[in-house]
Amino acid sequence: MAEELDEMYRDIIMEHYRYPRGHEKILNPDIINEGHNPVCGDEIEIKLKMDKDKIETVSVNCAGCAISTASGSMLAEICEGKTIAEVKKIAAIVKALLKGEEFDENIEIGDIEALQGVKKFPVRVKCALLSWTTLVDAINTRETGATEKRLTASTTES
Ligand code: ZN
């Protein structure tokens, strides 16, 4: 699959796949969630250490294909130091980008731009969205006041 991507996008994706970011150990995460993409078999675990409304550290553990791993790595890279509101905005951009929809181009998204190479492969869009769906689910659950730290696994099916 990766070899079918446009060269420019592929290089960025493969670089994240080989050297994924977000491998810091977080001992007492404030937010933790797991995601699963049954279509491809990708599994991901995201842990966040918060400083009030800001994400201080991100830990992403992904066992999956190149696309899901690279996307999780990009998530770790861009979300560190961002507020929940900023992260939600970026997650919405990722979704729009993968669906070929319009998005706010004034927001800096860095390497995430390379994910638009994936939109040509609908079945792989779920791989690219997995980490983002998992993160947003976790944030939403926290905001609705759930005290449960370990959530049930979410999928990208919904
Ligand atoms: Zn995958």
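That block above? That's the structure.
One structure accompanies this document, and this report is about it. (Residues numbered from 1 in each chain as written. Predicted model: local features only at pLDDT ≥ 70, side-chain atom pairs only at ≥ 80, totals over all residues. Heavy atoms only, no water.)

1. Brief notes about helix α3 (residues 84–99)
Consideration 1: With 16 residues, α3 extends 23 Å between its outermost C-alpha atoms, agreeing within 8% with the 22 Å of an ideal straight helix rising 1.5 Å per residue.
Consideration 2: Those residues of α3 that sit buried are Ile84, Val87, Ile90, Ala91, Ile93, Val94, Ala96, Leu97 and Leu98.
Consideration 3: Considering only its buried residues, α3 is in contact with β2 (42–51), β3 (54–63), α2 (66–79) and α4 (122–143).
Consideration 4: Looking at the residues trailing α3, positive phi occurs at Gly100, about 75°. (Helix = DSSP H or I, 4+ residues; strand = E, 2+ residues; numbered from the N terminus. Expected span 1.5 Å × (residues − 1). Buried < 20%, exposed > 50% of the residue type's maximum accessible area, 1.4 Å probe, protein only. Contact = heavy atoms within 4.5 Å.)

2. Overview of the coordination of the zinc ion
Consideration 1: Within the first shell, the zinc ion binds the protein through Cys40 (SG), Asp42 (OD), Asp42 (OD), Cys65 (SG) and Cys127 (SG), at distances of 2.2 to 2.6 Å.
Consideration 2: Here the donor residues for the zinc ion map to a single chain with the spacing C-x1-D-x22-C-x61-C. You can see Cys65 sitting in the loop between β3 and α2 and its partner Cys127 sitting in helix α4, a full 62 residues away along the chain. In terms of burial, Cys65 and Cys127 fall into one category: buried. (Donors = N, O, S within 2.8 Å, 3.2 Å for Na, K, Ca; no water.)

3. Structural notes on helix α1 (residues 7–18)
Consideration 1: Its 12 residues give α1 an end-to-end C-alpha distance of 16 Å, which sits within 8% of 16 Å, the value for a rise of 1.5 Å per residue.
Consideration 2: Restricting attention to buried positions, one finds in α1 the residues Tyr9, Ile13, Met14 and His16. Along α1, the residues classed as buried sweep out an arc of 160° about the axis, all on the same side. For α1, the exposed residues set more than 90 degrees away from the buried face come down to Glu7, Met8 and Arg18.
Consideration 3: In this structure, the buried side of α1 is in contact with α2. (Arc of directions from axis to C-beta.)

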